[in-house]
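# Structural overview for review
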Amino acid sequence: MPRRILTGVNDLIPALTELHRLPVAQQPTYPDPGALAAALADLRLRPPLVFAGECDELKHRIAEVAAGRSFMLQGGDCAETFESVTAVNIRGKLRVLLSMAVVLTYAAQVPVLKVGRIAGQYAKPRSKDTETRDGVTLPAYRGDAVNGLPFTEADRIPDPQRLIEVYNRSAATLNLLRAFVKGGFADLRAVHTWNSDFVRNSNVEARYENMAAEIERALAFMVACGVDNESFRTVDFYASHEALLLEYEHALTRIDSRTGTPYDTSAHMVWIGERTRQLDGAHVEFLRHVRNPIGIKVGPSADPADIVALCERLDPDLEPGRLTLITRMGAGRIREALPPIVRAVEDTGRKVAWVCDPMHGNTFETSLGYKTRAFSQVVEEVNGFFDVHEALGTWPGGVHIELTGDDVTECVGGVDELVEADLANRYESACDPRMNRSQSLELAFTVAERLTSGRIMRVNPIQEFHAEDF
Ligand code: PEP
Ligand code: CO
């Protein structure tokens, strides 16, 4: 059986050696090729982390986003770390995402597709190959999938055993997520309890508590009327990450027994980063062969014709839900950089999901050396995104956020009015600054307001509201 599956994969996706003949960016150089080969051989025999049918289901849901009938909430850590795979952390991220989804669903009355940057987001593209501290230069940290964060020579050596650890930690994370979302934690009637350790005096928390109380009353009414539906108790939640490490993604690709086609079973959805989306590059060549829904990050310097060509390459058959364009322009550039790209893609008649990543174009360094983002800039980019789509008559299909369930101090501003001096209090990200729980909830309220105001809802009326869509 494994032999047949392996043969099938090799027939249907390009071999790693072929991929490495193409331009390939952001890959580690492993000092011991034998150890890498052994790790990959091990991964190739492991069970898939997700089922191809789930990837298809997600694709159908993304098609709904592309059609203007649903809104995607994608979020999680910039970089997951092995040590952060604890029940407390996973639960914290899930509940902030579920809380945001409830805000969007209830306040904006729009079905929300929930996708985590989780259970596989362990590899990072870097702008520099090396890092220098106090005159010492070492290889850059590329995520726990590749090397270690501590600034020592030994930690920074790429270690292929880490790929096995990515698989193990992703499996453990997915297992708990599946248990949470189907086992009662996500029960809508528990909407208050997601928040219980967080009750504070901020107006965001108060707003959330009021809304939760309204939802509870509405649900109690429905139950009293005899409507007690399974869909109040469970939610659908999908896992995604950047498909950066070709070796890992390749080794987890399996042939779907139903359709005989290849799926990257490391996640339901994978995306291609701003730095690795070269049209003739290895990442595009690999991803065009797998049938998962694919995200493409699009930055402010993107040429609209290149993005159209990339869409054609990755989705020649115009498959509904195949492509999500995750634009990350920066608050100052979105209004001029986004319209030509949206127009160029829409002019081809293709329907993609348009999602706003208001994080990666808005990072700056403080005088004390902290990488941060200002909440006001994040909101400004989201507003620019809504304004552009409103002006063009296209559906602003979602947001892609770096967040955590903890009370970290990594982004400035927001309801708690964090200032640069506060960043030292609790800065824990292994990579980019994440929004904390109250900043995330505040953003959800802002997005909900944009979804309910203006022309957008009239252009794309939501016909029905299903409880399972919360
Ligand atoms: C990321 O999403 O963490 C990332 C590196 O994004 P981008 O490719 O858009 O820079
Ligand atoms: Co990031």
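Cut-offs used in this document
Residues numbered from 1 in each chain as written. Chains lettered and ligands numbered in written order. Predicted model: local features only at pLDDT ≥ 70, side-chain atom pairs only at ≥ 80, totals over all residues. Heavy atoms only, no water. Near = heavy atom within 4 Å. Polar contact = N/O pair within 3.5 Å; in protein donor to acceptor, adjacent residues only side chain to side chain. Areas by Shrake-Rupley, 256 points an atom, 1.4 Å probe, with all protein chains shown as cover. 1 Å grid on protein atoms, 1.4 Å probe; cavity = no way out; pocket = protein on both sides within 12 Å on 5 of 7 lines; lining within 4 Å. Sits in = over half its atoms within 2 Å of the grid points. Points joined across faces, edges and corners; volume = space filled by probe spheres on them. Helix = DSSP H or I, 4+ residues; strand = E, 2+ residues; numbered from the N terminus. Nonpolar A, V, L, I, M, F, W, Y, C, P; charged D, E, K, R; others polar. Pairing = 2+ DSSP bridges. Axes fitted to C-alpha atoms, helices over the stretch in contact; angles between N-to-C directions. Contact = heavy atoms within 4.5 Å.

Moving on: the site of ligand 1. In the neighbourhood of ligand 1, the contacting residues comprise Cys78, Arg117, Lys124, Pro125, Trp271, Gly273, Glu274, Arg275, Lys297, Arg328, His360 and Glu402. One nitrogen or oxygen atom from the main chain of Glu274 is found 2.9 Å from an oxygen atom belonging to ligand 1. His360 is positioned such that a nitrogen or oxygen atom in its side chain is 2.9 Å from an oxygen atom of ligand 1. Bound to the protein, ligand 1 loses 98% of the 300 Å² it would expose on its own. According to the grid-proximity analysis, the pocket containing ligand 1 is the largest pocket.

With that settled, the discussion passes to the layout of surface pockets. By volume, the largest pocket is sized at about 1,100 Å³. Forming the boundary of the largest pocket are 39 residues, of which Arg126, Ser127, Lys371, Cys431 and Asp432 lie nearest the centre. Those elements that provide at least two residues to the lining of the largest pocket are β3 (130-133), β12 (363-365) and β13 (371-373). In terms of residue count, β3 provides more of the lining of the largest pocket than any other element does, 4 residues in total. Residues of the lining of the largest pocket, tallied by class, amount to 14 nonpolar, 9 polar and 16 charged.

This next bit is on the sheet that holds strand β14 (residues 398-402). Judged by pairing direction, the barrel is parallel, and its 8 strands sit side by side in the order β1-β2-β5-β8-β9-β10-β11-β14 before closing back on the first. Between one strand axis and the next, the sheet turns by 25° as a mean value, whatever way the strands run. With 5 bridges joining them, strand β9 (residues 294-298) and strand β10 (residues 323-327) adopt parallel strand pairing. Paired with Ile294 across the two strands is Leu323, which belongs to β10. Packing of helix α12 (residues 375-392) onto the sheet brings it into contact with β1 (71-76), β10, β11 (353-356) and β14, and relative to β11 it is tilted by some 155°.

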